[in-house]
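Here is how the chains run, residue by residue.
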Amino acid sequence: MADPAQCSIKVVCRFRPLNSSEVARGDKYIPKFQGEDCVTIGGKPYYFDRVFQSNTTQVQFYNAVAQKIVKDVLEGYNGTIFAYGQTSSGKTHTMEGKLHDPDMMGIIPRIVQDIFNYIYSMDENLEFHIKVSYFEIYLDKIRDLLDVTKTNLSVHEDKNRVPYVKGCTERFVCSPQEVMDAIDEGKNNRHVAVTNMNEHSSRSHSIFLINIKQENTQTEQKLTGKLYLVDLAGSEKVGKTGAEGTVLDEAKMINKSLSSLGIVISALAEGSSYIPYRDSKMTRILQDSLGGNCRTTMVICCSPSSFNDAETKSTLLFGQRAKTIKNTVSLNVELTAEQWKNKWEKEKEKNKTLKSTVTWLETELNRWRNGESVPVEEQFDKEKAKAEVQVLDSALNNDKAAPTPALSTLPGVKLTDAEKEKYEAEMAKLYKELDDKDEEINQQSQLIEKLNQQMLDQEELLASSHRDHDTLQTELNRLLAENEASKEEVKEVLQALEELAVNYDQKSQEVEDKTKEFEALSEELNQKSSSLASIDSELQKLKEMTNHQKKRVTEMMSSLLKDLAEIGIAVGSNDIKQQESTGVIDEEFTVARLYISKMKSEVKTMVKRSKQLESSQAESSQKMEETERELTACQLRISQYEAKIKSLTDCLQNVEQKKRQLEENVDSLSEEIVRIKAQGVVEDANLNLCMLAFPQEAVEKQIQSHREAHQRQISSLRDDLDNKEKLLTELQDLNQKIMLEQERLRVEHEKLKAADQEKSRQLQELTVLQDRQEQARQDLKGLEETVARELQTLHNLRRLFVQDLSTRVRKNAQMDSDDSEGSAAQKQKICFLESNLEQLTKVHKQLVRDNADLRSEIPKMEKRLRATAERVKALEAALKEAKENAARDRKRYQQEVERIKDAVKPKNMGRRASAIIGRWTDIHMLESRLTAGISVKNLSKRYLPTPLRLTHNFTSFV
Ligand code: ADP
Ligand code: MG
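Along every chain, residues carry numbers that run from 1 in the direction the sequence is written. The lettering of chains begins at A and the numbering of ligands begins at 1, in the order of writing. With the structure being a predicted model, the display of local features is reserved for residues of pLDDT at least 70 and the display and counting of side-chain atom pairs for 80 or more, all residues being used for whole-chain, interface and lining totals. Only hydrogens and water are set aside; all other atoms, that is, all heavy atoms of the structure, feed into the side-chain values.

Caption draft 1: Focus on the overall build of the protein chain. In DSSP terms, a helix is any run of H or I states spanning at least four residues, a strand is any run of E spanning at least two, and both are numbered starting from the N terminus. Of regular secondary structure, the protein chain possesses 18 helices and 17 strands. Type-normalised accessible area, obtained with a 1.4 Å probe on protein chains alone, sets the label of each residue: buried when under 20%, exposed when over 50%, and partly exposed for intermediate values. Residue burial in the protein chain is summarised as follows: out of 958 residues, 30% are buried. Long-range contacts, defined here as pairs at least 24 residues apart, represent 74% of the contacts in the protein chain between residues at least 6 apart. As displayed, the protein chain offers around 61,000 Å² of accessible surface, 54% of which is attributable to carbon and sulfur atoms. Contacts are residue-level and defined by heavy atoms, with any inter-residue pair within 4.5 Å sufficient. The accessible surface values rely on the Shrake-Rupley method and a 1.4 Å probe; as for residues, cover is taken only from the protein chains in view.

What follows is the structure, encoded as structure tokens:
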């Protein structure tokens, strides 16, 4: 454990090159560099740990300033790098640079890279936990850049009284890429949240924190190192507020943190007893980096331009002040139990020696106080005591926790230990309370912010609803106007229709009249033609009669002439005879005269009659001519009328067509009205709001309510209709599905049937097989029996043969003595019998073998038979089940179909009814639109189709 090591803050200064606008303006390059650590401005030298000229590259700067800090942090020390300077002096360039450009990247990406490289090269037993946080401080509020929802975080102290940002996102990382991703994400969030990034970054501090914890898995030693990388706000902000001499609240708030940083650094530089870390969040977070347990490097960024002369100087002065600050760094190590024990022992030892020193001193003091003079050799020697203490210290080669600024350091205050303890406890309590209050304040401010946000949202919502309302109002007005116009149009159309109807009536009346006239005329014509025909026939008769008369007259004349001639002849002869008998002649003559006179009178009457007839004929022909004339006139008129009728019918057709068109127009207009009304429903709701604000006349309200009721009814009916239609489609879908299901079931059924057939076939086969097996078994049994029988006979035969043999042998023995001649024949016989026997035994053996084989086959066969029977049974059961299933499915399906059919039927009917109602509403609308003077009822009675007229009654019912 290292001793608490005092080390001052390292301050380096970096000048950027003149930028293009400065060059363009012709600004002078003012800094003069002397050696590595001095820069002179206006003849005044400023000394720093290092001074970097404008041509310093990023790599050079990093290697000289930041590289070492990686090692420190990984060895368990805290580290901080600040960048301080006015806006556009190169702070961000130094800290971040171009994050993904290997040449232009700044400190942060290089440190990240180096940390991982270092870790890779370290002991394998070390286990690292690296986490990063990224936040910014703006208007003294801490905003988490890795979680945009955290906008106002608070600072707390941990158990070692080290401040930290409470609730800040800590992201665990295990590669440089992940760290860079986090930085990118944070930068992105920062850009998204603000409108003017340049302005924002010049007013806010961004802090990137890398926390590295390592554990040696063997020794269980734990080390932690924190590295803060801080890009401060532009330093000119401090200057400005100071220059104006006024404490502008806003400006103060804008950079409260920066000014408190200045104050803290001043206080530290002056060695003041009270350091106001708690004045701002930033100074609190970086408390350890400023005069605490931290290796701190401050980069003073400066512009070289003469234009920024004053600002550069104040920046350099700030840096010089910071240079005097001393930090006390120590290793952040978590001791193991053994180490703690050792430390405790050593501390105890140290305490003992210190106590002895104290007693020594006290006794000496008492002696002095009592007026005694203590000899030099007995006096307490400071050097000696220090040496002793150092000896002890070196013996206690261990680390000590960082001393907290205690009350004992305060000069001029003398306190007893108990009091000290009490006060410290009190102070701790108070700080705790302070923190709690802080937290509370934060929560409250967060709440306020949230509420503000909500208020803004609400306002926006209100404004938008106002806007909506306005647009709706205008829309409503427009719609009303449209509605009015449509009404007007409808009115006009209806008027036109009415006129048309009247016109139509007139025309049809006219047509009727004309037709009637035409009919009368044609009747008259008919009459005339019939009279003409009768006259013709009369004329004909008369002509015939005349002819007849003429004929008779000519006949009569001819007979008369003949008579006359006869008479003449007779007269001639009579003349001769007369001389003979004049008396007779005279007599005859008188007769003839009488006759002639009679004839004469007759001729006369005849002539008269013929004259009469001729006159009557002339008369008739005259009359006929007249009639003919009349007829042609009539025909002409008829054709005229016909032409007129034709034109009239054409006209009628035209009118009819026009009427239809107008009716269609009316229909479409009424539809439009309905549509507008439907749209109006929404606006009416808004209108209601307006109505509340501006109460209107009762009548209008009533009308409104009526209209609303109508609309509601209509909309409900429409909804109903829609619902029904939806239901219908659903049902259709269902039906379709069921059809499909049915199809599927049918196919399944077919399959099952096929399977069934297949199975029954198999069953048949199996039964056949079984039969055959049974047969085979019986056959086998028979065979066995025959074999047994055969064996039995064989045995018998053998016995007989043996008997025979023995008897023969005996006989042979008897005969041997008597005669041996038959022995050869007997021998032959014996041979034959022996071979026979041999053959028989062979056959027997074979049979026995066969039998055994067959016997061994029997259980196998039986087993197979059993298995087959079982299989048959299982198949039969499966078949039965499948059949049952199919039947069930079929039944269920049928039921379903029935149910759906039943369900669909009323729906269809309902749909038809709703269609009628829909049409009724249209008509009703049309009717309600009508103003006085137009009898639509009549109109509708006359022109609307009957079903509509029927539904008309429905209105009164509703
Ligand atoms: P700050 O963060 O202090 O407001 P920036 O880092 O944004 O300033 O720098 C402002 C401009 O100056 C940037 O365009 C940057 O590239 C440039 N710049 C700053 N320092 C240097 C330098 N050392 N070398 C080259 N260009 C620099
Ligand atoms: Mg910047």
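Caption draft 2: Expanded view of the sheet that holds strand β3 (residues 32–34). Strands are treated as partners if at least two bridges between them are detected by DSSP. Overall, antiparallel pairing links the 3 strands, which are arranged β3-β4-β5 in an open sheet. Unpaired on one side and paired on the other, β3 and β5 (44–47) mark the two borders of the sheet. This sheet shows a mean twist of 30° between the axes of neighbouring strands, independent of strand direction. For β3 and strand β4 (residues 38–41), the ladder comprises 3 bridges, and the chain directions are antiparallel. Angles run from 0 to 180 degrees between N-to-C directions of axes, and those axes are lines fitted to C-alpha atoms, restricted for helices to the stretch in contact.

Caption draft 3: Up close: the pairing of β5. Alignment of β4 against β5, held across 4 bridges, turns out to be antiparallel. Residue pairing across strands places threonine 40 opposite proline 45, the latter belonging to β5.

Caption draft 4: Broad picture of the site of ligand 1. Nearness of a residue to a molecule or strand requires only that one of the residue's heavy atoms be within 4 Å of it. Around ligand 1, the neighbouring residues are Arg14, Arg16, Pro17, Gln86, Thr87, Ser88, Ser89, Gly90, Lys91, Thr92 and His93. Contact between ligand 1 and serine 89: an oxygen atom at 3.2 Å from a main-chain N or O atom of the residue. Within the backbone of glycine 90, a nitrogen or oxygen atom sits 3.1 Å from an oxygen atom of ligand 1. In isolation ligand 1 offers 550 Å² of accessible surface; the protein chains occlude 64% of this area. Here a polar contact is taken to be a pair of N or O atoms separated by no more than 3.5 Å, where protein atoms must pair a possible hydrogen donor with a possible acceptor and residues adjacent in sequence count only if both atoms sit in side chains.

Caption draft 5: Broad picture of the nonpolar core. By nonpolar core we mean a set of buried residues, namely Ala, Val, Leu, Ile, Met, Phe, Trp, Tyr and Cys, connected to one another through side-chain atoms within 4.5 Å. Ranked by size, the top nonpolar core spans 44 residues in total, and within it Ile285, Leu290, Met298, Ile300 and Leu316 carry the most contacts. Looking at this core, the element that brings in the most residues is helix α9 (residues 256–270), giving 6 residues. With 39 residues, the next largest nonpolar core counts Ala66, Phe128, Tyr134 and Leu229 among its residues.

Caption draft 6: Quick peek at a negative patch on the surface. A surface patch of negative charge is lined by Glu484, Glu488, Glu489, Glu492 and Glu672. With respect to the secondary-structure elements, glutamate 488 resides in helix α14 (residues 417–693). The exposure class of glutamate 488 is partly exposed, given its relative accessible area of 39%. Only residues above 30% relative accessible area that lack a salt bridge enter a patch, with like-charged residues linked at up to 9 Å and the nonpolar side chains Val, Leu, Ile, Met, Phe, Trp and Tyr linked at up to 5 Å. The working definition used for a salt bridge is a side-chain nitrogen of Lys or Arg within 4 Å of a carboxyl oxygen of Asp or Glu. We score Asp and Glu as negative and Lys and Arg as positive, and we do not count His or the chain ends. By convention, charge coordinates are those of NZ in Lys, CZ in Arg, CG in Asp, or CD in Glu.

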